[in-house]
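# A closer look at the structure
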Amino acid sequence: MTAERSPRPPGTHPRSEPASRAPLPRSPLQRFYLREVLSGLGLTAAHFFRNMRLHTARALGRKDAHGAVTIQYPEERRPYSPRLRSLHRLVRREDGSPRCVACMMCETVCPARCIYIVADEHPNPEIEKMPARFDIDLGKCVFCGFCVEACPEDAIRMDTGILEFSSYSRGGMIYTKETLLSLEPAGPDGVPTSPVPIPAGRTVVGP
Amino acid sequence: MTATAADFGIAFARVAFVMMFILNLGGLLTWVERKQSAIMQDRIGANRASILGFRIMGLFHPLADAIKMLTKEDFLPARADRFLFKMAPFVSVFFGLVAFASIPFGDTLRLGDRVIPLQAVTLNVGVLYVFAMLSLGVYGVMMAGWSSSNNFALLGGQRAAALMISAEIAIGASIMGVIMVYGSLDLMEIVRAQGAALLPRVFGAWIPAWGLLTQPLAFILFVTAGIAATKRIPFDMPEGESEIIGYFVEYSGMKFGMFAMADFLETVVIAGLTTSLFLGGWQVPYLQPAGFAFPWGATLHLPQAVVALLQVGAFSLKVVVMIFIMMLVRWTLPRFRYDQAMRLGWLGLFPLSILNIVMTGLVLLLVGSDS
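What you see is a predicted model; the values in this text were computed from it and never measured.

### Focus on the overall build of chain B
- A count of helical and extended segments in chain B gives 13 helices and 5 strands.
- Against the 2.2 N^0.38 benchmark of 21 Å for 371 residues, chain B shows a C-alpha radius of gyration of 22 Å, consistent with a compact globule.
- For chain B, the residues scored as buried account for 43% of the 371 residues in total.
- The long-range share in chain B, meaning contacts at least 24 apart out of those at least 6 apart in sequence, stands at 75%.

What follows is the structure, given as structure tokens:
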């Protein structure tokens, strides 16, 4: 794809070409350095006063004034992409049972080997199997999304929008079938709609 | 006997005011540094430390820092020189604190029949005293570097010594012009002389003879060398956290905090000294001891307490502006290499200072002493 866009030989990106190899211009004024210092100070001072004015305007009630590009993370979130690969969930049938048929495709394709499935007979004779256990060890998961691609039944998805599932113990990183089944897909802006699950063995600290 | 008690109280109040001024300002500088750099870089800066949900723009972070540093392990390297290792941070902070003593923060205040100069210590060699204290401050850094028994710390201490020598010479030479113009080593006298009009035969009484106007070259040289004396970026080779970490590499807890504090105290001292020498100290333009006397003839009589308050306020404002400029430099320029800083000090600042002295002498000869 890059070859189609740029016919020039590799390693000669146009932006790396100019003036960088040329000797630095050394007029006496630049060697004296003071003018360059002052122009640099002017730049940073201009940023300071512009941002200070915006901060003041915001403090006085102008909500559209932004003196900083910071997103105050736990309180504010930037909208996530709908393609974001976040915490897995198991898709449910209409009766609430997992859509998964325990075909082991995801367990087989998983490069991190973090999925552990125990198959069982499904009471409905039209459905061959169902998982008795479906555990994902998120401490091992690399979030490659191969399990989602491999699944023939569209039974596992990574669209919950949940990214905060750290734990103080390894056991707390193992998510069981019940937890995974209880999760909901994220809203249109990527904000999770399901409460952040707390599996057994996980110690919750703080709010 | 009551007179001596009152004298003692006044002396104590003078020292206490200066101590509170410099300690509070120095402590606040950690907050200023964080917030100013953040605003310059389109960030918000540390704002999470809260007491009962109140954050007041991150002002609790210096408090949180102090608690953290006081409760950390006080590490002592096994092969360190115990006495010098423990002494070093105290030496650094002590000389940073006492250096401010002879910088005046206001004109004399008359209480009854007493005349109180508004400075902690009245010295007729005030300039030399401040330089002496600033130069002694580097001993703390050298002691830290040597006593840590760490090669990187030793390198840092040695760099600090080299930097201090090249900076101090430029500082001393650059203010020679100021001393020649105002004819005194007493900082109070220098500040008082800056209240006079600049070239009254040309400009009338419009422009005060601040050092910035009479000695513009010396101002640039002095601020540059002064920033070097504070050992902060762009002259932080003694520290150099990206290469040698520097003289305090073995320090932890509050001893490390004291080195950081010494840097801030020196920043305040340099800002105060720059204010006194070049920005008119406590002078408010057109403010005479009796009140305002504007050059267009209007006068505004003010009680003496108001005049003193205005002067102290002007001094504080000028110091704060100077600190702002020094912080601006610190967060704008990258660090000089060791040899670049040496070259700047010895081949840039020092010859220019000498040139400044010569030129000042020539101008004083030509214009006469009434300028």
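### Points about the packing of helix 4 (residues 126–147) of chain B against helix 5 (residues 151–174) of chain B
Residues and elements named next belong to chain B.
- Relative to each other, helix 4 and helix 5 sit at 165°, their axes nearing to 7 Å. Looking at the two axes, helix 4 sits roughly antiparallel to helix 5. Two packed elements cross with a definite hand, and for helix 4 against helix 5 that hand is left-handed. Along its contact with helix 4, which presents Phe131, Ser135, Val138, Val141, Met142, Ala144, Gly145 and Trp146, the element helix 5 presents Ala153, Leu154, Gly156, Gly157, Gln158, Ala160, Ala161, Met164, Glu168, Ile171 and Gly172.
- Partitioned by chemical class, the residues of the contact of helix 4 with helix 5 number 12 nonpolar, 6 polar and 1 charged.

### Examining the sheet that holds strand 3 (residues 287–288) of chain B
All names here are of chain B.
- Reading across the sheet, the 3 strands line up as 3-4-5 and stay open at both edges, with antiparallel pairing between neighbours. Sheet topology places strand 3 and strand 5 (299–301) at the edges, where each strand pairs with a single neighbour.
- Relative to strand 4 (residues 291–293), strand 3 is paired through 2 bridges, and the arrangement is antiparallel. Looking across to strand 4, one finds that Leu287 is bridged to Phe292.

### With respect to helix 10 (residues 216–229) of chain B
Residue and element names in this part refer to chain B.
- Over its 14 residues, helix 10 runs 20 Å from end to end, which matches the ideal 20 Å to within 8%, given 1.5 Å per residue.
- The buried fraction of helix 10 amounts to 11 of the 14 residues, a majority that puts the element mostly inside the structure.
- Among the residues making up helix 10, those that are buried are Ala218, Phe219, Leu221, Phe222, Val223, Thr224, Ala225, Gly226, Ile227, Ala228 and Ala229.
- Immediately downstream of helix 10, the backbone of Lys231 shows phi near 60°, a positive value.

### Observations regarding the sheet that holds strand 2 (residues 115–121) of chain A
Residues and elements named next belong to chain A.
- What the 3 strands build is an open sheet, ordered 2-3-5; its pairing is antiparallel. One side of each edge strand has no neighbouring strand; the edge strands of this open sheet are strand 2 and strand 5 (174–175).
- As paired elements, strand 2 and strand 3 (residues 129–137) share 7 bridges and run antiparallel to each other. Directly across from Glu121, in strand 3, lies its bridge partner Lys129.

### A few points about the interface of chain B and chain A
- Taken together, the 12 residues of chain B in the interface contact 15 residues of chain A.
- Put simply, the parts of the chain that give the side of chain B that touches chain A at least two residues each are helix 1 (2–40) and helix 12 (304–330) of chain B.
- By residue number, the principal contributor to the side of chain B that touches chain A is helix 1 of chain B, which donates 3 residues.
- Its residues placed into classes, the side of chain B that touches chain A shows 8 nonpolar, 2 polar and 2 charged.

### Quick word on the environment of Val91(A)
Residues and elements named next belong to chain A.
- Secondary-structure assignment places Val91 in the loop between strand 1 (89–90) and helix 4 (105–109).
- Taking the number of C-beta atoms within 10 Å as the measure of exposure, Val91 has 18 and is therefore partly exposed.
- Along the primary structure Val91 and Arg53 are separated by 38 residues, whereas in three dimensions their C-alpha atoms are 50 Å apart.

### Quick look at the environment of Leu185(B)
Residue and element names in this part refer to chain B.
- Mapped onto the secondary structure, Leu185 falls in the loop between helix 6 (176–182) and helix 7 (187–193).
- Taking the C-alpha atoms as reference points, Leu185 and Leu128, separated by 57 residues in sequence, lie 7.3 Å from one another.
- If we ignore the near neighbours within four places in the chain, the residues touching Leu185 are Asn124, Val125, Gly126, Val127, Leu128 and Ile179.

### A word on unusual backbone geometry
- With an omega dihedral of 10°, the bond running from Ile233(B) to Pro234(B) counts as a cis peptide bond.
- Structurally, the position occupied by Pro234(B) is in the loop between helix 10 and helix 11 (253–278).
- If you check the backbone angles, Met104(A) has positive phi at about 70° while not being a glycine.
- Mapped onto the fold, Met104(A) is located in the loop between strand 1 and helix 4.

### Points about the pairing of strand 1 (residues 108–111) of chain B
All names here are of chain B.
- Pairing analysis gives 4 bridges linking strand 1 to strand 2 (residues 114–117), with the strands arranged antiparallel. Bridge pairing in strand 2 links Arg110 to Val115.
- With antiparallel pairing between neighbouring strands as the criterion, strand 1 and strand 2 make up a hairpin whose turn holds 2 residues, including Gly112 at a positive phi of roughly 65°.

### Here's the deal with helix 3 (residues 34–59) of chain A
- Between its terminal C-alpha atoms helix 3 of chain A stretches 37 Å, which fits the 38 Å expected from 26 residues at 1.5 Å a residue.
- Following helix 3 of chain A by one or two positions, Gly61(A) adopts a phi angle in the positive range, close to 115°.

### As for the confidence of the model for chain B
- Averaged over every residue, the pLDDT of chain B is 88; residues scoring 70 or more account for 98%.
- Predicted as a complex, the structure gets a pTM of 0.82 and an ipTM equal to 0.85.

Definitions and limits used
Residues numbered from 1 in each chain as written. Chains lettered and ligands numbered in written order. Predicted model: local features only at pLDDT ≥ 70, side-chain atom pairs only at ≥ 80, totals over all residues. Helix = DSSP H or I, 4+ residues; strand = E, 2+ residues; numbered from the N terminus. Rg over C-alpha atoms; globule rule 2.2 N^0.38 Å. Buried ≥ 20, exposed ≤ 12 C-beta atoms within 10 Å, placed from the backbone. Contact = placed C-beta atoms within 7 Å. Axes fitted to C-alpha atoms, helices over the stretch in contact; angles between N-to-C directions. Parallel < 35°, antiparallel > 145°, perpendicular 65-115°, else oblique. Left-handed = near helix turned anticlockwise from the far one by under 90°. Nonpolar A, V, L, I, M, F, W, Y, C, P; charged D, E, K, R; others polar. Pairing = 2+ DSSP bridges. Expected span 1.5 Å × (residues − 1). pLDDT = per-residue confidence, 0-100.

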